Amino acid sequence: MIEPTYTIEESEELVHPGHLACQGCGATIAMRYVLKALGKKTVVVIPACCWSIIVGLFPSSCLDVPLIHTAFETAAAAATGARAALDVQGQEDVNVLAWAGDGGTFDIGFQALSGAAERNENIIYCCYDNEAYMNTGIQRSSATPVGAWTTTTPQGGLEDRPKKDIVRIMAAHNVPYTATANVAFPDDLYQKIKKAASYKGMKFIHILSPCPTGWRIPSSESIEVARLATLSNVFPLYEVINGSKWRVTYIPQKKVPVEKYLEAQARFRLMGEEEKKRIQKNVDEYWKELLKRAKR
Amino acid sequence: MKKVLMGNFAASHGVRLSRAQVISAYPITPQTHVVEELSAMVARGDLNAKFIKVESEHSALACCIAASVMGARAFTATSSHGLLLMHELLHWAAGGRLPIVMVAVNRAIAPGWNIWNEQTDTLSQRDTGWIQLYCASNQEILDTVIQAFKLAESVKIPVMVIYDAFILSHTYEPVDIPDQKVVDKFLPPINNPEALKVGEARAFGSVTNPDFHMEFRLKLHDTYERAMEKFSEIDAEYAKLTGRNYGIVEPYQCSDAELIMVTAGSLAGPTRMVVDGLRAKGIKAGRVKLKMFRPFPVEALKEALKPAKKILVLDRNLSPGTGGIFAQELRVALKEDKRPVWGFVAGLGGRDITPELIESMFFDALGAEVPVSNTIFKGVRL
Ligand SMILES: Cc1ncc(C[n+]2csc(CCOP(=O)(O)OP(=O)(O)O)c2C)c(N)n1
Ligand SMILES: [Mg+2]
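Peer 1: Sorry if this is basic, but what is going on with the sheet that holds strand β9 (residues 203-204) of chain B here?
Peer 2: Working definition: the strands of a sheet are paired by backbone hydrogen bonds and lie parallel or antiparallel to each other. Read from one edge of the open sheet, nine strands run β8(A)-β7(A)-β5(A)-β6(A)-β4(A)-β3(A)-β1(A)-β2(A)-β9(B), paired in mixed fashion. Each of the sheet's edge strands pairs with one partner strand only, and the pair in question is β8 (245-250) of chain A together with β9 of chain B. Pairing geometry for strand β2 (residues 67-69) of chain A and β9 of chain B, over two bridges, is parallel. When the bridges of β9 of chain B are listed, I68 of chain A appears paired with F204 of chain B. Sheet strands touched by helix α3 (residues 75-88) of chain A: β1 (42-46), β2, β3 (95-101) and β4 (124-129) of chain A. Its angle to β3 of chain A, the strand with the most contacts, is close to 170°.

Peer 1: Before we go on, may I ask you to explain the confidence of the model for chain B in this structure?
Peer 2: In low-pLDDT segments, the atomic positions of the prediction should not be examined closely. Scored by pLDDT, chain B comes out at a mean of 97, with 100% of its residues at no less than 70. Interface confidence for the predicted complex, expressed as ipTM, amounts to 0.96; the pTM equals 0.97.

Peer 1: Any chance you could explain the site of ligand 1 here in plain terms?
Peer 2: Residues and elements named next belong to chain A. The environment of ligand 1 is made up of 17 residues, and the closest members are C50, G103, G104, Y128 and N135. At a separation of 2.8 Å, an oxygen atom of ligand 1 approaches a polar backbone atom of G103. Its free accessible area being 580 Å², ligand 1 has 75% of it covered by the protein chains. With three residues, the top contributor of residues to the shell around ligand 1 is helix α4 (residues 102-107).

Peer 1: In this structure, what is going on with the domain arrangement of chain B? I would like to understand it.
Peer 2: Accessible area lost when the parts come together is the quantity often used to give the size of an interface. Residue and element names in this part refer to chain B. Domain parsing of chain B yields domain 1 (2-242) and domain 2 (249-377). Spacing between the C-alpha centres of domain 1 and domain 2 amounts to 28 Å. Between domain 1 and domain 2, the contact holds 27 residues from the first and 26 residues from the second. In total, about 2,200 Å² of surface goes out of reach between domain 1 and domain 2, with carbon and sulfur atoms giving 59% of it. Three residues, Q119, R126 and Y134, lead the burial of domain 1 against domain 2; their summed loss comes to 29% of the area buried on that side. At the boundary of domain 1 and domain 2, one finds four salt bridges. For K289, the salt bridge identified is with E140, shortest N-O distance 2.9 Å. Taken together, the elements giving at least two residues each to the side of domain 1 that touches domain 2 come down to α6 (120-123), β6 (131-134), α7 (138-155) and α9 (210-242). Split by residue class, the side of domain 1 that touches domain 2 holds 15 nonpolar, seven polar and five charged.

Peer 1: I would appreciate a short explanation of helix α9 (residues 222-231) of chain A in the present structure.
Peer 2: Count 3.6 residues to each turn of an α-helix, and residues three or four apart come out pointing the same way. Residues and elements named next belong to chain A. Of all 10 residues in α9, seven are buried; the element is thus mostly enclosed. Residues of α9 that are buried: S222, V225, A226, L228, A229, T230 and L231. One or two steps after α9, the chain reaches N233, where phi turns positive at roughly 70°.

Peer 1: What should I look at first to understand the sheet that holds strand β14 (residues 310-315) of chain B in this one?
Peer 2: Residue and element names in this part refer to chain B. Pairing in this open sheet of six strands is mixed, and the strands run β10-β12-β11-β14-β15-β16 from one edge to the other. A single partner strand is all that each edge strand has here, and the edge strands are β10 (249-252) and β16 (375-377). Taken over all neighbouring pairs, the strand axes of this sheet differ in orientation by 25° on average, direction set aside. Where strand β11 (residues 259-264) lies against strand β12 (residues 285-290), six bridges are found, and the strand directions are parallel. Note that in β12 the partner of M261 across the bridge is R287. Lying over the sheet, helix α10 (residues 268-280) contacts β10, β11, β12 and β14, oriented at roughly 165° with respect to β12.

Peer 1: I would appreciate a short explanation of the interface of chain A and chain B in the present structure.
Peer 2: Listed as interface residues are 39 residues of chain A and, on the opposing side, 37 residues of chain B. Taking both partners together, chain A and chain B bury about 2,800 Å²; carbon and sulfur atoms supply 70% of that area. In this structure, the connection of chain A to chain B is made through two salt bridges. In this structure, K50 of chain B and D87 of chain A form a salt bridge, with 3.9 Å as the shortest nitrogen-oxygen distance. Elements with a minimum of two residues in the side of chain A that touches chain B: α2 (50-54), β2, α3 and α5 (110-118) of chain A. Sort the elements by how many residues they give to the side of chain A that touches chain B and α3 of chain A lands first, with 10 residues. Class assignment of the residues belonging to the side of chain A that touches chain B gives a composition of 20 nonpolar, 12 polar and seven charged.

Peer 1: Please clarify how the pattern of salt bridges should be interpreted in this entry.
Peer 2: Any two side chains of opposite charge can pair, given that their charged atoms come close. All names here are of chain A. Counted by the stated rule, this structure contains 45 salt bridges over all chains. The partner of K277 in a salt bridge is E274, and the shortest N-O contact between them spans 3.7 Å. One end of the pair, K277, and the other, E274, are both in helix α11 (residues 273-295), three residues apart, so they sit about a helical turn from each other. Across the pair, exposure class does not vary: K277 and E274 are exposed alike.

Peer 1: Explain the packing of aromatic side chains here, please?
Peer 2: In this structure the tally under the stated criterion is 17 aromatic pairs over all chains. With 5.7 Å between their ring centres and 20° between their planes, Y238 of chain A and W246 of chain A make a pair best called stacked. For the residue pair Y238 of chain A and W246 of chain A, the accessibility class agrees, reading buried in each case. Seen from their ring centres, F293 of chain B and F326 of chain B are 5.2 Å apart, and the 90° between their planes marks the pair as edge-to-face. Pair noted here: F293 of chain B is in strand β13 (residues 292-294) and F326 of chain B is in helix α12 (residues 325-333), with a separation of 33 residues, a long-range link.

Peer 1: Quick question: what am I supposed to make of the nonpolar core here?
Peer 2: Side chains that are nonpolar tend, in soluble globular proteins, to be buried together. Ranked by size, the top nonpolar core spans 149 residues in total, and within it I68 and Y125 of chain A together with L61, F75, V103 and I131 of chain B carry the most contacts. Both of domain 1 (2-242) and domain 2 (249-377) of chain B provide at least three residues apiece to this core. Sequence-distant contacts of V103 of chain B, that is, excluding residues within four places in its chain, are made with A11, V34, F75, T76, A77, T78, V145, V161 and Y163 of chain B. If you look at the next biggest cluster of nonpolar residues, it comprises 66 residues, including C62, I207, V258 and M271 of chain A.

Peer 1: In this structure, what is going on with the environment of G14 of chain B? I would like to understand it.
Peer 2: Residue and element names in this part refer to chain B. Within the secondary structure, G14 sits in helix α1 (residues 7-17). For the pair G14 and V54, spaced 40 residues apart in sequence, the C-alpha separation works out to 22 Å. Filtering out sequence-adjacent residues up to four positions away, G14 remains in contact with L142, V145 and I146.

Here is what the cut-offs are and how they apply
Residues numbered from 1 in each chain as written. Chains lettered and ligands numbered in written order. Predicted model: local features only at pLDDT ≥ 70, side-chain atom pairs only at ≥ 80, totals over all residues. Heavy atoms only, no water. Pairing = 2+ DSSP bridges. Helix = DSSP H or I, 4+ residues; strand = E, 2+ residues; numbered from the N terminus. Contact = heavy atoms within 4.5 Å. Axes fitted to C-alpha atoms, helices over the stretch in contact; angles between N-to-C directions. pLDDT = per-residue confidence, 0-100. Near = heavy atom within 4 Å. Polar contact = N/O pair within 3.5 Å; in protein donor to acceptor, adjacent residues only side chain to side chain. Areas by Shrake-Rupley, 256 points an atom, 1.4 Å probe, with all protein chains shown as cover. Domains from an automatic or database assignment. Buried area = accessible area lost by both parts, 1.4 Å probe. Salt bridge = Lys/Arg side-chain N within 4 Å of Asp/Glu carboxyl O. Nonpolar A, V, L, I, M, F, W, Y, C, P; charged D, E, K, R; others polar. Buried < 20%, exposed > 50% of the residue type's maximum accessible area, 1.4 Å probe, protein only. Phe/Tyr/Trp six-rings, centres within 6.5 Å; stacked < 30°, edge-to-face > 60°. Core = buried A, V, L, I, M, F, W, Y, C linked by side-chain atoms within 4.5 Å.

And the structure:
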């Protein structure tokens, strides 16, 4: 079990200063760790999302690796194409990293993602999840949790629909490696990316990446809030090998009530007590089921 | 080597001889044979390529785009709804100056579902920045695919090789398949110095603000105009190696023609036959086959049409409310011209365009000083 520690060895920085992210942007920290794990022999594919801006405007880029910008719904298909080109050129040892937001993954890019997973393309697909369409100004996506305010759920997400269980869906494609990760748990994230890179075929990593602007939190609390997500079991950390072998990679020592996570963020301010209780119940049930799955 | 091939297989052989490296496609009638045959070629080891069976045409082109950004020779094929699904990516490919080649088989668009021949699918993509080359025979399909890779790679603009559903796609004709050695001489391995390379910190398609975007588009526009010249050079070089070339436009019996009909694709055949028949009756008819539609060869057309007193356009396509798309473009090109232009629309959704129907168009123009209306539908129940 890995504590929320940071022991990542000093390695080459591949995300340079001068990027255009907001203060406290989880997605930027996530990219930094992921590229530290993958190294310079990597090609990055980015569809429309905050990261298309964060990386810098023409003619600059804050990434020290080749980068292909691609249409919103095409991250997995474009990564497939980059992989094919590298393979015919005899560069099989280069990592191809598709890097997409939750909207580009759960929603508009889902068809291409499912296709790439079914074909078991040799790519690493990371979804940095900030739980809404942030680039366009905080609209609800199917990764937005129940009860969260967004500009298209002004009443705080009236839809009583649980968040799409993307990792389970991806694991159901029976790909070699699927995992969740959280920027507040750098060692866990780093090791999962290293592990992912060691498999041939499709790797899918779902990374919780707080967005202070969209979550209505002070930017200085970004990591703290992300940490609460895992400590409260709202966002458990686990991995799935070959779609069947489930392993929880972090079990909180002392359970933090979900309420604490919700109350740290103004996006949940409109949520009633009843709703909070219901969410706690859902989280507990999901956690129990996850542990059961991991025991099998 | 001569073989009897259907148009779709002629396209596959063109792709094989061009040594495409990444092929990504999705089935749609009447294109499917092109990629079926390519998969067989890859499976047999006749073609050393990655063939990716994506889950949609949208992903097919997205995949080709990224492969091309990384410097590989990429190919896809589609038709009708598949082409329309690609629309956003068509702009990405051309705006990104990627030398991708695509076969697009002209098929009608629903509703209702219709797999038959019509040109509206490709013509409605005319503003995406792709070069469009229309073919009139299976031999021309094979040759044009090979020429298309050379053209795309020399001007860095993607090229669509276009031919008619069933009339060519599923029809068998004798086709001369050039030797691999000959094609290798004509088309060397792809070498795109702008391709991204592992280890380099460069990006494709970064956010551009108003201070850069326009220059990118101007460059595309300027190069697009040069593509016409480039194609003529490539066509001449190809003729030296194979004895065959096609020209940007192909005039037939135009030098003294008083009535000239402009058309594209396989209609070049029956229109030629009708011209012969009219000539036998003493009517000075001619026809121009349009091979290149994007860029639009205004000067070559003007030259070919010089002798004509009356101009006819046969469109197997429709821009609703405007009329035939070739007619519309030609009228703009000839804007200073006082000669009347008859715009005929026929054969939509695969309806037969018989020689008699084509002949009646010439007689319409013969019997009047000016057309009765901008767009004249032919072979239609009113
Ligand atoms: C086809 C298409 N539709 C809509 C958009 C507009 N758009 C750009 S980014 C974006 C939101 C992206 O959301 P997400 O994937 O969650 O990434 P984030 O912005 O949150 O980082 C949208 C809707 C687009 N670029 N393309
Ligand atoms: Mg998002």
